[in-house]
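# Coordinates in review
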Amino acid sequence: MPTKRSTCRALAVCAITTLLPAQQSQLPIAERTEHFAIHCRPGSRAEASVDRTASLVEADLAHILQELGLKEFPHTIDLFLYDDEHDLQQSTGVAASGYSVPLASHVPHDNDQTRVHELVHVVAEKFTEHGPEPRNLFFAEGLANAVLRFVTGVHVDAVAAFHRRRGDLPSLAEVQGAPDFYKWLQQHPHVDGYDVAGSWLRFLLDAYGAEAVRRYYRGVPAREAFGKPLDELEAAWHARLDAVVLRPG
């Protein structure tokens, strides 16, 4: 898990990863909604809270679909709830605060932020757009935080603006070109890379719309997706950050 401030600790370390089928199926289904099968361990604290989760997840999904410009999601998502991070890690053998695999998320029952972040990964994995450029997990984590907007109470633009004014905001060429984004995070522990990525994708969503962002996310070059080269887009993003009023906290 990357060593960062509370953003990474509160959210997931993994986007879409591989999980053994046995790990996926060890918790029974406690509740169903239109798009979700909610799993938890009988007698657990997570089970006691399952009605609350069931009352929230459809609204979570509707919000994500609206943000990403999608009208429907014709799939069922398996949502696995755990008492806390320790329970999740002990139950799955995955050292993460929360994580997703295709059409499934594993999260602590009481962390709404992690649940939404992980559901963005699940939805994005079903994007149908395709392009020739490779994409690392800067895009996956950025899109999830862009949808959240506020991470641990702070807007992603404020975090990116803070790094820009401190002089350590990385270039897009550097972070988007990193072969392993998580390794890059480990090598730059003082840069909140999740929120920097979130600010960049939030800028693109606001300025160019979800359809263009989905294409870019799935490998369509920036010039083709947005009609402008990456350096021009980056300059416009920096101008937006320069206008952010930072609070002393």
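## Regarding the nonpolar core
Here is a general trend for soluble globular proteins: nonpolar side chains tend to be buried in one another's company. Of all hydrophobic cores here, the largest spans 65 residues; its most connected members are Leu143, Trp200, Phe226 and Trp237. Apart from the residues lying within four places of it in its own chain, the contact partners of Phe226 are Leu204, Tyr208, Ala212, Val213, Tyr216 and Leu233. Judged by nonpolar contacts, the second largest core, of nine residues, contains Leu27, Phe80, Leu88 and Ala104.

## Some details on the sheet that holds strand β2 (residues 36-39)
Taken in spatial order, the five strands of this open sheet run β1-β2-β3-β5-β4, and their pairing is mixed. On the outer flanks of this sheet lie β1 (29-32) and β4 (99-101), each paired with one strand and no other. Across the sheet, the mean angle from the axis of one strand to that of its neighbour is 20°, orientation sign disregarded. By the bridge criterion, four bridges tie β2 to strand β3 (residues 77-82) in an arrangement that is parallel. Directly across from Ile38, in β3, lies its bridge partner Leu79. Where helix α6 (residues 112-124) meets the sheet, its contacts fall on β2, β3, β4 and β5 (104-108), and the angle it forms with β5 comes to roughly 170°.

## Some thoughts on the pattern of salt bridges
Overall, the coordinates contain 15 salt bridges when judged by the stated rule. Across the salt bridge formed by Asp87 and Arg41, the nearest N and O atoms sit 3.1 Å from each other. Of the two residues, Asp87 is situated in helix α5 (residues 85-92) and Arg41 in the loop between β2 and α3 (45-48); the sequence distance between them amounts to 46 residues. Exposure remark for Asp87: the relative accessible area of 12% places this residue in the buried category. For Arg41, a relative accessible area of 30% translates into the label partly exposed. Measuring nitrogen to oxygen at the nearest pair gives 3.0 Å for the salt bridge that ties Arg135 to Glu133. We classify Glu133 as partly exposed; its relative accessible area is 33%. Overlapping salt bridges, with partners in common, bring together Glu67, Arg149, Asp157, Arg202, Asp206 and Arg240 in one network.

Here is what the cut-offs are and how they apply
Residues numbered from 1 in each chain as written. Predicted model: local features only at pLDDT ≥ 70, side-chain atom pairs only at ≥ 80, totals over all residues. Heavy atoms only, no water. Core = buried A, V, L, I, M, F, W, Y, C linked by side-chain atoms within 4.5 Å. Buried < 20%, exposed > 50% of the residue type's maximum accessible area, 1.4 Å probe, protein only. Contact = heavy atoms within 4.5 Å. Pairing = 2+ DSSP bridges. Helix = DSSP H or I, 4+ residues; strand = E, 2+ residues; numbered from the N terminus. Axes fitted to C-alpha atoms, helices over the stretch in contact; angles between N-to-C directions. Salt bridge = Lys/Arg side-chain N within 4 Å of Asp/Glu carboxyl O.

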